[in-house]
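# Observations on chain architecture
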Amino acid sequence: MEPRLRIEGLVRELGGRRVVDGIDLSIAAGQITCLLGPSGCGKSTTLRLIAGVDRQDAGTIRLDGREVSGPRLHLPPEERGIGLMFQDFALFPHLTVARNIGFGLPRGAASDARVLDLLARVDLAGYEDKYPHELSGGEQQRVALARALAPRPAMMLMDEPFSGLDDRLRDGIRDATLAVLKEEGTAVLLVTHEPSEAMRMADEIALMRDGRIVQRAAPYNIYNAPVDLRAAAFFSDVNVLPGRVHGALTDTPFGQFLAPGLPDGTEVDIVFRPQHVRLDFDRHGRGPNPTAAEGAPARGTVLRARFMGRESLVEFLMDDGHSRVTATVPAVFLPKPGTVLWLSIRRDRCFVFRRSPVSA
């Protein structure tokens, strides 16, 4: 089937710099894709190009197979059948909730029924005569969602729509929004710089960096098979042990790691997350003969330990005198500085990346 949205070779130059640099992306009906990346990587510019409020320098944008922007054609936003949601909600302060939602719809019983149906679906039944200033931030966000969905857009574009909400409200509002979007079968492109939001909402994550999409995958796959060190570190804290390849192996405090396909002398980074470090009070905490998958235990000295609420963060200096490793432990675990523990990591929880100038 033709995807709901297909963009090919999208390029946008601003101030002599390629802010969007050859992006290809497709989204199916009912699919939620998150365009994820740090501030300034080109996410919002890409959204503006798809919406039609800005025009690309090269590339094409198609909706349901119909070209809406290309070298010879550029439809305005109102002719694209796209819904827009932004973090400031942009509700009309002088209009009631019902009139905000119905703005742009033809007058009539069918439109009135659509407004009431959407109010019920966003859990705001009975709010139709209220004004925006009478609503909480979460309620305003739900009104903005209902207004964007009212004309039944084929595509919804959302730019950091939850960033203005309190942390205690955000999860509930995100889940409610996701449920309504799924019910409508709307294709969604959500822009965010928060990995947790992308992991929570997306069917697919497109990780963006320096104007390009560097990796596309389902949340589980992009987290567990990152394309490089920067991708791994974007989703969580990581430990990095530098090494050099010799005979397809790299020496570390935890023993040797395979580095297949890399020539001798190649500098690499062994990368693993703090939650994948196991701590023991003696060398044989796992038994006298750890398997190859479990790796060799290594001795570390506690530098400091902090309780973070749900877990404890413990930082170590390894016996080689320069490697530092951080481990997270569920609940409260606060060994004193100077305490010696044995650390081990599963090989299948580690990544071996060729070192780039950025990571060096």
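Located above this text is the structure these notes cover.
Below, the structure is looked at part by part. Residues take numbers from 1 onward in each chain, read along the sequence in its written order. With the structure being a predicted model, the display of local features is reserved for residues of pLDDT at least 70 and the display and counting of side-chain atom pairs for 80 or more, all residues being used for whole-chain, interface and lining totals. In computing side-chain values, all of the structure's heavy atoms are included and hydrogens and water are not.

### Observations regarding the packing of aromatic side chains
Keep this limit in mind: Aromatic pairing here means that ring centres of Phe, Tyr or Trp (its six-membered ring) are within 6.5 Å. Orientation follows from the plane angle: under 30 degrees is stacked, over 60 is edge-to-face, and everything else is tilted. A helix here means a DSSP run of H or I that spans at least four residues, while a strand means a run of E at least two residues long, and both kinds are numbered starting from the N terminus. Exposed residues in this analysis have more than 50% of their type's maximum accessible area, buried residues have under 20%, and partly exposed residues fall in between, with area computed by a 1.4 Å probe over protein chains only. Ring-over charges, as used throughout, are those where CZ of Arg or NZ of Lys falls within 6 Å of the ring centre and within 35 degrees of the ring normal.
Tallied over the entire structure, the rule returns 6 aromatic pairs. For the ring pair phenylalanine 254 and phenylalanine 272, a centre distance of 6.0 Å and an interplane angle of 80° mean the geometry is edge-to-face. A residue pair is termed long-range when its members are at least 10 positions apart, and phenylalanine 254 in the loop between β12 (249-252) and β13 (255-258) and phenylalanine 272 in strand β14 (residues 267-272) qualify at 18 residues. Each of the two residues, phenylalanine 254 as well as phenylalanine 272, counts as buried. With centroids separated by 5.8 Å and ring planes inclined at 20°, the aromatic side chains of phenylalanine 351 and phenylalanine 353 adopt a geometry described as stacked. There is no split in this pair, since phenylalanine 351 and phenylalanine 353 are both buried. What links up through ring pairs into an aromatic cluster is the set Tyr223, Phe234 and Phe235. Cation over ring: lysine 130 sits above tyrosine 127, and NZ or CZ is 5.7 Å from the ring centre.

### Observations concerning the packing of helix α4 (residues 137-149) against helix α5 (residues 167-184)
We count it as follows: Note on geometry: axes are lines fitted to C-alpha atoms, helical ones only across the stretch in contact, with angles between N-to-C directions running from 0 to 180 degrees. Throughout, the term roughly parallel applies to angles under 35 degrees, roughly antiparallel to angles over 145, roughly perpendicular to angles from 65 to 115, and oblique to all others. In this scheme, a crossing is called left-handed if the near helix is turned counterclockwise away from the far one by less than a right angle; it is called right-handed if the turn is clockwise. The contact definition used throughout considers only heavy atoms, calling two residues in contact when any of these lie within 4.5 Å. Here the nonpolar group is Ala, Val, Leu, Ile, Met, Phe, Trp, Tyr, Cys and Pro; Asp, Glu, Lys and Arg are the charged ones; every other residue, Gly included, is treated as polar.
Between α4 and α5, whose axes approach to 11 Å, the crossing angle comes to 15°. In terms of orientation, α4 and α5 fall into the roughly parallel class. The chirality of how α4 crosses α5 is right-handed. For the pair α4 and α5, contact is made by Gly138, Gln141, Arg142, Leu145 and Leu149 and by Ile173, Thr177, Val180, Leu181 and Glu184, respectively. Looking at side-chain class alone, the contact of α4 with α5 contains 5 nonpolar, 3 polar and 2 charged residues.

### Let's talk about α5
As a reminder of what qualifies: To estimate how far a helix should reach, multiply one less than its number of residues by 1.5 Å. As used here, the arc is the angular range of directions from the helix axis to the C-beta atoms.
Taking 1.5 Å of rise per residue, 18 residues should cover 26 Å, and α5 covers 26 Å from first to last C-alpha, within 8% of that figure. Buried within α5 we find Arg170, Ile173, Arg174, Thr177, Leu178, Val180 and Leu181. Buried positions in α5, seen along its axis, are confined to an arc of 165° and lie on one side of it. Counted as exposed and oriented over 90 degrees from the buried face of α5: Arg168 and Glu183. Next to the buried residues of α5 lie β3 (32-36), α3 (109-121), α4, β7 (155-159), β8 (187-192) and α6 (195-201).

### Details of the side chain of aspartate 54
When you line up the elements, aspartate 54 lands in the loop between α1 (43-51) and β4 (58-63). According to the relative accessible area criterion, aspartate 54 is buried, its value standing at 16%. Contacts of aspartate 54, omitting those with residues within four sequence positions, involve Arg12, Arg48, Leu49 and His74.

### What about the nonpolar core?
Taken as a class, soluble globular proteins show a tendency for nonpolar side chains to be buried jointly. As a reminder, the rule being used: To qualify as a nonpolar core, a set must consist of buried Ala, Val, Leu, Ile, Met, Phe, Trp, Tyr and Cys residues joined through side-chain atoms within 4.5 Å.
Membership of the largest hydrophobic core comes to 41 residues, with the highest contact counts inside it found for Ile101, Leu145, Met156 and Met158. The greatest single-element share of this core, amounting to 6 residues, is contributed by α4. If sequence neighbours within four positions are ignored, isoleucine 101 has contacts with Val115, Leu118, Leu119, Val143, Ala146, Arg147 and Ala150.

### Here's the deal with the sheet that holds strand β5 (residues 66-69)
Operational definition: Whether two strands pair comes down to DSSP finding at least two bridges between them.
The strand order across the open sheet built from 4 strands is β2-β1-β4-β5, with neighbouring strands paired in antiparallel fashion. Looking at which strands have only one partner, the edges of the open sheet turn out to be β2 (17-27) and β5. Adjacent strand axes in the sheet meet at a mean angle of 30°, parallel and antiparallel pairs treated alike. Examined bridge by bridge, strand β1 (residues 5-14) and β2 share 8 bridges and lie antiparallel to one another. Paired with arginine 12 across the strands is valine 20, a residue of β2.

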